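# Overview (structure and organization)
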Amino acid sequence: MKRRIGRAFAYLVLIMLGLAGIAPIVYLAVLSTKKRIEILAQVPPTLDFKWSRIEKNYDEVLFSQGMLEFTVNSIVVVGATTVLVLVIATPAAYAFSRFRFRGNENLAFTILSMRFMPPVAIAIPLFLMMQWVGTHDSYLGLILPYIAFSLPLVVWIMIGFFDEIPQEIDDAAIMDGCTRFEVLWRVMLPMVRPGLVTASLFGAIFIWNEFLVALYVIDSREFQTIALGAATLVSAQRPIDWNIAAAVGVVTVVPILIFSIFVQRYIVRGLTAGAVK
Amino acid sequence: MTPASRERLGTKLGKLDRPGTVVWLLLAPTLLYLAAFAIFPLFYSLRLSFTDLTAAAGTGDWVGLRNYGDLLRDPHFWNATKNSAVMVGASLAIQVVLGVALAMFFNLHLRGAWLVRGILVLPMLITPIVVGVMWRALLNPDWGLINWCIAAVGLEPPNWFGSIEMAMPTLILVESWQWTPFVFIIVYARLQALPQEVFEAAIVDGAKPLATFRFVTLPLLMPAIIFAAVFRAVDSFRSFDLIFGLSYGGPARSTTTLSFFSFQNGFQWQNYGYAAAVSYMMLLILAVGTIVLLRFVQIRPGYAK
Amino acid sequence: MAKKTTSGRTGDPSKSARGGVNRRQVIKGAGAAGVTAAALPGLVGARQAFAADYDPMKYAGTEINILMTGDENDHRALDDLLPEMKAETGIDLVVSAPALGPLIEKTLQNLTGEQSAFELIMYLGFLTTQQVGGGYFSQLNDLIDDPAETPPDWDFDDFIPAAMRNVGYYDMATGTVGKGTDVYGIPGLHSGSVIYFYRKDLFEEAGLQPASTWDEFMAAAQALHSDDVAGCSFIGANDFSLATVDWYTRFITTGGSLMSGDPNEKNFTPQINSAEGINALQMLIDSLPYAPKNVTQYGFAENVDGFSTGRIAQMIFWSTIAGPVLNEENSLVADVTGTAHVPAGPGQTPRAIQGGWGVGIPANVDPAKRNAAWRALTWITNKRINRHSIEAYNIDANRTSAFKDPELLEKFPYLEHALSAIENAVTIPTSRIPEFFQMNAMMNVEFNAALIGAQDAKTACDNVQAQWEDVLRKAGHLA
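Conventions and cut-offs
- Residues numbered from 1 in each chain as written.
- Chains lettered and ligands numbered in written order.
- Predicted model: local features only at pLDDT ≥ 70, side-chain atom pairs only at ≥ 80, totals over all residues.
- Helix = DSSP H or I, 4+ residues; strand = E, 2+ residues; numbered from the N terminus.
- Buried ≥ 20, exposed ≤ 12 C-beta atoms within 10 Å, placed from the backbone.
- Contact = placed C-beta atoms within 7 Å.
- Pairing = 2+ DSSP bridges.
- Axes fitted to C-alpha atoms, helices over the stretch in contact; angles between N-to-C directions.
- Domains from an automatic or database assignment.
- Nonpolar A, V, L, I, M, F, W, Y, C, P; charged D, E, K, R; others polar.
- Parallel < 35°, antiparallel > 145°, perpendicular 65-115°, else oblique.
- Left-handed = near helix turned anticlockwise from the far one by under 90°.
- Arc of directions from axis to C-beta.
- pLDDT = per-residue confidence, 0-100.
- Expected span 1.5 Å × (residues − 1).

Next up on the list: the overall build of chain C. Helices and strands together make up the secondary structure of chain C, namely 21 helices and 12 strands. Per-residue burial over chain C gives 57% buried out of 479 residues. Within chain C, counting contacts between residues at least 6 apart in sequence, those at least 24 apart form 75% of the total.

With that out of the way, let us pick up the overall build of chain B. For chain B, the count of helices and strands is 13 helices and zero strands. Reading the secondary structure of chain B in the N-to-C direction produces α-α-α-α-α-α-α-α-α-α-α-α-α. Among the 305 residues that make up chain B, the fraction classed as buried is 46%. When contacts within chain B are restricted to residue pairs at least 6 apart in sequence, those whose partners lie at least 24 apart make up 70%.

Moving on to the sheet that holds strand E6 (residues 186-192) of chain C. All names here are of chain C. Pairing is mixed in the open sheet, where five strands are placed in the order E2-E1-E3-E12-E6. The sheet is open, and its two edges are formed by strand E2 (92-96) and E6, each paired on a single side. With direction set aside, neighbouring strand axes in the sheet form an average angle of 20 degrees. One ladder, built from four bridges, connects strand E3 (residues 120-124) with strand E12 (residues 355-360); its direction is antiparallel. In the sheet register, Tyr123 faces E12, and the bridge partner there is Gly358.

Right, let's talk about the domain arrangement of chain C for a bit. All names here are of chain C. Domain parsing of chain C yields domain 1 (2-191 + 355-422) and domain 2 (194-353 + 435-475). With four residues, the single largest contributor to the side of domain 1 that touches domain 2 is helix H19 (residues 415-424). Residue composition of the side of domain 1 that touches domain 2, by class: seven nonpolar, five polar and one charged.

Turning our eyes to something else, we now look at the interface of chain A and chain B. If you look at the interface, chain A gives 82 residues, while chain B gives 74 residues. Looking at the side of chain A that touches chain B, the element that brings in the most residues is helix H13 (residues 242-275) of chain A, giving 16 residues. A per-class count over the side of chain A that touches chain B returns 66 nonpolar, 12 polar and four charged.

All names here are of chain C. Running from N to C, helix H20 (residues 436-452) and helix H21 (residues 457-475) cross one another at 165 degrees; their axes reach a closest spacing of 9 Å. In this view, H20 runs roughly antiparallel relative to H21, as classed from their interaxial angle. Crossing angle aside, the handedness with which H20 passes H21 is right-handed. From H20, Gln438, Met439, Met442, Met443, Glu446, Phe447, Ala449 and Ala450 reach across to H21, where they touch Ala457, Ala460, Asn463, Val464, Gln467, Trp468 and Val471.

Our next topic: the sheet that holds strand E10 (residues 314-318) of chain C. All names here are of chain C. Ordered in space as E10-E7-E11, the three strands form an open sheet in which the pairing is antiparallel. At either end of the open sheet lies a strand with only one pairing partner, and these are E10 and strand E11 (337-340). Neighbour to neighbour, the strand axes of the sheet diverge by 30 degrees on average, direction disregarded. Strand direction decides the pairing type here: strand E7 (residues 194-199) and E10, joined by five bridges, are antiparallel. Counterpart to Ile195 in the pairing with E10 is Phe317.

Residues A:Ala108, A:Ile111 and A:Leu112 constitute the buried set of helix H5 (residues 104-114) of chain A. Viewed end-on, H5(A) has its buried residues packed into an arc of 100 degrees, placing them on one side of the element.

In this structure, the amide linkage connecting A:Val43 to the following residue, A:Pro44, adopts the cis form with an omega of -5 degrees. If you trace the backbone, A:Pro44 turns up in the loop between helix H2 (36-41) and helix H3 (51-64). The phi dihedral of C:Asp155 falls on the positive side, at around 65 degrees, and the residue is not glycine. Within the secondary structure, C:Asp155 sits in the loop between helix H7 (141-144) and helix H8 (161-168).

Moving on: the interface of chain C and chain B. Listed by partner, the interface residues are 21 residues for chain C and 19 residues for chain B. Going through the elements one at a time, helix H5 (100-112), helix H13 (300-308) and H20 of chain C are the ones with two or more residues in the side of chain C that touches chain B. Take the side of chain C that touches chain B: its biggest share by element is six residues, from H20(C). Across the side of chain C that touches chain B, the residue classes tally to nine nonpolar, 10 polar and two charged.

So, about the environment of B:Ala38. Positionally, B:Ala38 belongs in helix H2 (residues 19-48). Contact partners of B:Ala38, with chain neighbours within four places excluded, come to A:Met114, A:Met117 and A:Ala148.

Further remarks concern the confidence of the model for chain C. Residues and elements named next belong to chain C. When pLDDT is averaged across chain C, the result is 85; 89% of the residues are at 70 or more. Confidence drops under a pLDDT of 50 for residues 1-50, and excluding neighbours within four residues, the segment shows 60 contacts in the predicted structure. At the level of chain-chain contacts, confidence expressed as ipTM amounts to 0.84, with global pTM at 0.84.

Okay, the pairing of E3(C) next. Residues and elements named next belong to chain C. Most of E3 sits out of view: five of its five residues are buried. Alternating residues of E3 divide into Leu120, Met122 and Leu124 and Ile121 and Tyr123, and every residue in both groups is buried. When strand E1 (residues 63-67) meets E3, the two strands line up parallel, connected through two bridges. Looking at the pairing, Leu67 lines up with Ile121 of E3.

We now examine the environment of B:Gly250. Residues and elements named next belong to chain B. You can see Gly250 is positioned in the loop between helix H11 (241-246) and helix H12 (258-268). Since 25 C-beta atoms lie within 10 Å of it, Gly250 is described here as buried. Put simply, Gly250 and Ser163 are 87 residues apart on the chain and 9.0 Å apart in space, counted from C-alpha to C-alpha.

We now examine helix H12 (residues 275-286) of chain C. Residue and element names in this part refer to chain C. The first and last C-alpha atoms of H12 sit 16 Å apart over 12 residues, in line with the 16 Å expected at 1.5 Å per residue. All of the buried residues in H12 are Glu276, Gly277, Ile278, Ala280, Leu281 and Leu284. Close packing links the buried residues of H12 with helix H11 (240-252), H20 and H21.

What follows is about the confidence of the model for chain B. Residues with a pLDDT of 70 or more make up 89% of chain B, whose mean pLDDT is 84. The lowest-confidence element of chain B is helix H1 (residues 3-16) of chain B, averaging 53 in pLDDT; the highest-confidence one is helix H4 (residues 75-106) of chain B, averaging 94.

Another point: the pairing of E6(C). All names here are of chain C. Taking burial as the measure, the seven residues of E6 include seven buried ones, the bulk of the element. Relative to E12, E6 runs antiparallel, the two being bridged by four bridges. Each residue of the ladder has a partner; that of Gly192, found in E12, is Gly355.

Okay, structure coming up:
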């Protein structure tokens, strides 16, 4: 009996937890279907939805404000960054995992600590760099600094994944006459594929949300990212159209929602294998 | 590729294949890239912090340590430092305790728990600015859902971002909503990876559940907890976008952390020199924190055992 | 002189409006018939004798880049009409519209660089002295006076003189904004000042007149305050407008003067902790009992929300919110809201801070593009854009004709008061120095702390006084 009550209580807690996590997002979604004045005057919001209103709000957000275009930009920037980061980071992670050299651990930690730099300290110099290179206000102007942002964490997580693969496999391949590069390319890469997914995921999350550098590097709407689009919501000196702000919020959440359904197991796995063992 | 040319390539690669060379070849892209894109900005900021550069005056004359001297005499800097300490300390305590508790709770493997776990991962993936806007709506004094709920059960809703006493706790509340899952997932993952025999052995030995947790589980979880805590501490120390979206440093200066203080000086008032000095004080705090931390624990993948 | 040339040729406004339509039709027709841009001048010239030497398509195919604010709706109003601009002038206008912080940053970077990447730059009125006075913008009189470069129906005299004084005229010799006849910028795309909003129904019911003095304002607040409706509201949060709208209006309309001296003479001295300064803040503190319960959380948005849902009986606010408050789509009190000029102390003119923007051509513009930039500038400041800004976005435009348009006036009666507010508005003296934003932020923080009850009015004003003096000394404006 006591056990059963405990069980019921546990499920109650579980449901409360689920609600605490999802309720704010649902609230946002409900607000995004309303007229501005309805949000202000109906407390709590009623649940009668009018398709015409929903259409109007989302039409404004997706097309007039360009959030659809911004989403595409974000995907392009984050996608390109991720691919390039993997190309750069994987050999380094392999080296850290396989070679004992002086300062190995200090260097690895130094690289990780780059991840800890306050964005406010480096945003302006990065912007100036992009201006000198002539890539500001372009995809490349975002991709170049974002690679630097995501490299440290990706290297770090990949070290963990390489560490999981026994050294004997390398040795056997080298005995067979493979060079180190061949070992990495032909033998290691296929084995470490889940690690690549996980690492790129973690690299991607933080870039997806970056807006300070984007704020400076990007001038035209043509290259604005989704986080930058959301940032313009917070302008103190004008009335807030809460319904529109909520719809913008939903638009930024939906890709993440879809994404996280597919990659949830990689997230958990990434933290197990890469970050802590 | 013909076998002959393959062989030639092989010898060429063979020369590059000496361990001493190969390490640096493998590391070079990462090191060079970070040198260009991380070290340069750091030195740039450092140099900036010794100048009086503002957008308006634009001279950028060398002023030596003046900015740092001004900073140490600036009560707002100390106020921001205090706010940062409170925010990092409190967020960390709450998130670590709750995160570990959640991990233990999900270790019960209730039916449907996977779904809730999926939901709990969501907040940390949402753009902090959107989190800010979302909670501003939830906590709106006039029509927000939370105040309505509190009033519905007959209580007086707190003056969330309208009073100095409540503003920081409210900020920490939202921060914890977003980031407790991060600690939870890491600790939970570690918990899953632990060999079950250890716990079974403890139970066989007749240990009470609480004692098992205190003397068996917790020590085994420690590396994961420390890892998560370090990440959270640093991220909440340097985060400014949540504050940007939520309270804009106010009311008065009660939620102006160092990070936001630096943002304000550099990005709103264009006092680049001064803002760079603030950033460098932040880096100094981070560096000291890291060195102290490394004395006690070692965090490296595969080594954190 | 700028003024004579344009007014002389404009003639009957209805005629010129018809001229505009004609021209557009001609261009449309020409486009359809496959007539190239080069062939157009003759066609247009033949039909419109009065614009003989003006060729609208002279700069067709040129790309002009404008840097403007993305914080307000100006860029949306402009976006709407870009296709029309392309059809009429052949110019491709590329709009960059960042938020205020990056806007200022990008502006400074371009103005101080070798050549500006933007041929047109929009600047905040508060920054006119810094940017125009710094010599970064090109003088425009030669273009205004040239009938071949300025559209005949552009009508320079139509700009509200106060807006011209705020962002347009600048006397380099004395470094004074608003003086002389040298033009460096065109008001655009909007201006604005502060007006008084009140609930006609509540005031009538209580037998009260809209407040014209601060005593009446307070009396009405007390009389009208109830559980459902706050007697008055103001910006109580740590927000840009706490100092610039609520405190500053009370301060200057009760005899206060913000600064004495002159930054050039290094005696630019704040007078925040003067009797008027402390009193203006005390007025806000005294009205707390009649304000919404959470007024210290009320920034711009919350006040608009509160008023438009009928929870506020009266307040002074930026005239730009008349749109949302008077629009039935967004407001429950659209038909019972009245507007008037702000209250003032005995013997004082009702007046408040001048807000608004100017657009200019950077001095370091590519010389080959200067005339084309001017063509684009005259287009984006023309009557049609002004009218459209008010009609579609309730942006307070800069042209008298837009404010006095009978159709718009009927739709938006507040325009009358918005216009008189702009005409009487004062430029805040601290906008003469680049530290304006920082100083304003310090003031908001301290005043907000006073409203929360963390300090009294005098302490708050003393703190601001001390902080301002410190900033002014460091910047060399005060010895």
